[in-house]
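# Chains, contacts and geometry: an overview
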Amino acid sequence: MTLSELTAEMEAFSEKAFRAKQCYEWMHKRLACGFSEMTNLSKDFREKCGNNYEYVIAETVDVQESKADGTKKYLFRFLDGIMVESVWMRYKHGNSVCISSQAGCRMGCQFCASTLDGLTRNLTPSEMLEQVYAITRLTNERVSNVVVMGMGEPLDNYDSLLRFIRLLTNENGLHISQRNITVSTCGLVPEIYRLAEEKLQITLALSLHAATDEKRRRIMPIANRYSIKELMEACGCYFEKTGRRITFEYSLMDGVNDTKEDAEQLILLAKPFGCHVNLIPVNPVRERHFVRSDVEKIEAFKNKLEKNKINVTIRREMGRDIDGACGQLRRRHI
Ligand code: SAH
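Residues numbered from 1 in each chain as written. Predicted model: local features only at pLDDT ≥ 70, side-chain atom pairs only at ≥ 80, totals over all residues. Heavy atoms only, no water.

### Observations regarding the overall build of the protein
- Within the protein one finds 11 helices and 12 strands.
- Computed over its C-alpha atoms, the radius of gyration of the protein comes to 21 Å, within 12% of the 20 Å expected for a compact globule of 334 residues.
- If you line up the protein on its principal axes, its C-alpha atoms span 70 × 40 × 35 Å.
- Looking at the protein as a whole, 54% of its 334 residues qualify as buried.
- Here the analysis covers contacts within the protein between residues at least 6 apart in sequence; of these, 65% occur between residues at least 24 apart.
- Approximately 15300 Å² of the protein is accessible, and the part contributed by carbon and sulfur atoms is 48%.
- Of the side chains in the protein, 48 bear a positive and 45 a negative charge, and the two mean positions are spaced by 3 Å. (Helix = DSSP H or I, 4+ residues; strand = E, 2+ residues; numbered from the N terminus. Rg over C-alpha atoms; globule rule 2.2 N^0.38 Å. Buried < 20%, exposed > 50% of the residue type's maximum accessible area, 1.4 Å probe, protein only. Contact = heavy atoms within 4.5 Å. Areas by Shrake-Rupley, 256 points an atom, 1.4 Å probe, with all protein chains shown as cover. Lys, Arg positive; Asp, Glu negative; His and termini not counted. Charge placed at Lys NZ, Arg CZ, Asp CG, Glu CD.)

Structure follows, in structure tokens:
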């Protein structure tokens, strides 16, 4: 609940309005683990809350820490037993957390481990927040950036995603800047239009991975529903309405999408609205056959884009030694 919703709830509960503010701060600023910790509230009130509401807490099932760069990958379990992955990364500019938006995924991208067993269920806004809160408690360090790039398709869980963003950026909570939030999508066109209207300053990342419909359809089923032309129109609208440049994510797979022609087609798409292209050497997933492009091919691809004045980076790989890619740690546990 937002603070105003919580205030209305407390009133209906015959409680004073300031209780809502106290409660909200315990949950979203002090990151309490339950009502019993809210010691400036009466015992009666805490008991009443405990009897009436479910307090969402993530149980830590597993943690892996990268020896290479300190990246930590958490496997969390929620009340009904579903498990999701979240990742903590330390950068010069601050700590970044990558959260999941669904348990599983129904988008079916060929190279991704999160989708192998389909979708179990959507996460609630509380469960998305709790991934950030739990990691803050566990590391005892402030989180400054949040990327919704873990398991699931965030725009397939739209209303919960929006509520999550509003609570995460609220001044009575962790107050994370909207500009420090990135939402990654495989390209749900109607939801991109909807998001453009929300007046948010978040970064939108589009998982493109191929620059022609024919190629994209081979690796991403969503490409059968929306053409690249439709996608680019939606991205153009997002850029126009928000002024925020879109990032294209492009996983390089050997022999699939890494030729000179692929780069040329990608340039045509990225140019019109000054997109940033983030190249990701594909992470091999055991159940899949994709192989990453070799270093020379990746460099050549990047150089081609740079020569054409496209802003391009190769994703710095963190935590490769700890089941880094989407959904792999969870699968191992299941
Ligand atoms: N569903 C959203 C967000 C989740 S995945 C989306 O599709 O954008 C975050 C990014 O990792 C996406 O760009 C996704 O395509 C990419 N990804 C998934 N599996 C990968 C793998 N094995 N190697 C490299 N990138 C991968």
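The discussion continues.
### Let's talk about the nonpolar core
- One finds Phe164, Phe248 and Val277 to be the most contacted residues of the largest nonpolar core, which totals 98 residues.
- Each of two domains, domain 1 (3-52) and domain 2 (59-333), supplies a minimum of three residues to this core.
- What Phe248 contacts, discounting residues up to four positions off in sequence, is Leu206, Leu208, Met232, Leu266, Leu269, Ala270, Phe273, Cys275, His276, Val277 and Asn278. (Core = buried A, V, L, I, M, F, W, Y, C linked by side-chain atoms within 4.5 Å. Domains from an automatic or database assignment.)

### What about the packing of aromatic side chains?
- Across all of its chains, the model carries 4 aromatic pairs by this definition.
- With a centroid separation of 5.5 Å and an interplanar angle of 5°, the aromatic rings of Tyr74 and Phe76 are classed as stacked. Of the two residues, Tyr74 and Phe76, both sit in the buried class.
- A cation over an aromatic ring shows up here: Arg19 above the ring of Phe45, its NZ or CZ 5.4 Å from the ring centre.
- Positioned above the aromatic ring of Trp26 is the side chain of Arg30, whose terminal nitrogen or guanidinium carbon lies 3.9 Å from the ring centre. (Phe/Tyr/Trp six-rings, centres within 6.5 Å; stacked < 30°, edge-to-face > 60°. Lys NZ or Arg CZ within 6 Å of the ring centre and 35° of its normal.)

### Notes on the pattern of salt bridges
- Summed over all chains, the structure comprises 23 salt bridges.
- The residue Arg137 makes a salt bridge to Glu130 at a minimum N-O spacing of 2.6 Å.
- A salt bridge links Glu214 to Arg218, with the shortest nitrogen-to-oxygen separation between them at 2.7 Å. One end of the pair is Glu214 and the other is Arg218, both in helix 7 (residues 213-219) and 4 residues apart, which spans about a single turn.
- Exposure remark for Glu214: the relative accessible area of 48% places this residue in the partly exposed category.
- By relative accessible area, Arg218 is classed as exposed at 52%.
- Salt bridges sharing partners connect three or more residues here, namely Glu15, Arg19 and Lys48. (Salt bridge = Lys/Arg side-chain N within 4 Å of Asp/Glu carboxyl O.)

### So, the site of the ligand
- As a matter of local geometry, the ligand sits amid 18 residues, with Phe111, Ser184, Ser207, His209 and Asn283 nearest to it.
- For the ligand, an oxygen atom lies 3.3 Å from a polar atom in the backbone of Thr185.
- Side-chain polar atom of His209 to an oxygen atom of the ligand: 2.6 Å apart, as the coordinates give it.
- In the complex, 94% of the free accessible area of the ligand, which totals 530 Å², lies under the protein chains.
- Put simply, the parts of the chain that give the shell around the ligand at least two residues each are strand 8 (181-185) and strand 10 (247-252). (Near = heavy atom within 4 Å. Polar contact = N/O pair within 3.5 Å; in protein donor to acceptor, adjacent residues only side chain to side chain.)

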